[in-house]
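# Structural description and commentary
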Amino acid sequence: VRFSPFIARNDFNTHLEKVKDFLGEKNKVRLVVVFKGPQMRVKNTGYDLLKRVFENLGESILVDMQPKFLGKHLVTVVSPTGKKVDNKNAKTKNT
């Protein structure tokens, strides 16, 4: 699932729901934050974005690959642990 480093709240929630759907089907998910041009100067925003995703998904995921840059893409891979994601709790945590 691709993200932009400066993603709007509603777009973030939509992408997060897609991630939850994939995890609910017991699939691994590759999360990619795509940087363009001058956005590369603020790489920490990508790490902050992935941190928000991890916090929203809680303990329902295992991080198979820690976030790392591959060119202009910040990539990580997560897999489901078998625990259910609480959608109501996840939506209230977004800021």
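To keep things clear, this report deals only with the structure shown in the data block.

Cut-offs applied
Residues numbered from 1 in each chain as written. Predicted model: local features only at pLDDT ≥ 70, side-chain atom pairs only at ≥ 80, totals over all residues. Heavy atoms only, no water. Helix = DSSP H or I, 4+ residues; strand = E, 2+ residues; numbered from the N terminus. Contact = heavy atoms within 4.5 Å. Salt bridge = Lys/Arg side-chain N within 4 Å of Asp/Glu carboxyl O. Buried < 20%, exposed > 50% of the residue type's maximum accessible area, 1.4 Å probe, protein only.

## Quick notes on the environment of Val 1
By the element assignment, Val 1 lies in the segment before strand S1 (2-3). As for Val 1 and Val 32, which are separated by 31 residues in sequence, their C-alpha atoms are 6.2 Å apart. Those residues in contact with Val 1 that sit more than four places away from it in its chain are His 15, Val 19, Phe 22, Val 29, Arg 30, Leu 31 and Val 32.

## Comments concerning the pattern of salt bridges
One pass over the full model with this rule turns up two salt bridges. Notably, a salt bridge pairs Glu 17 with Lys 20, separated by 3.7 Å at the nearest N-O pair. Placement of the pair is Glu 17 and Lys 20 together in helix H1 (residues 9-24), with a separation of three residues, close to one helical turn. Note on Glu 17: relative accessible area 25%, which makes it partly exposed. Looking at Lys 20, the relative accessible area reads 9%, which means it is buried.

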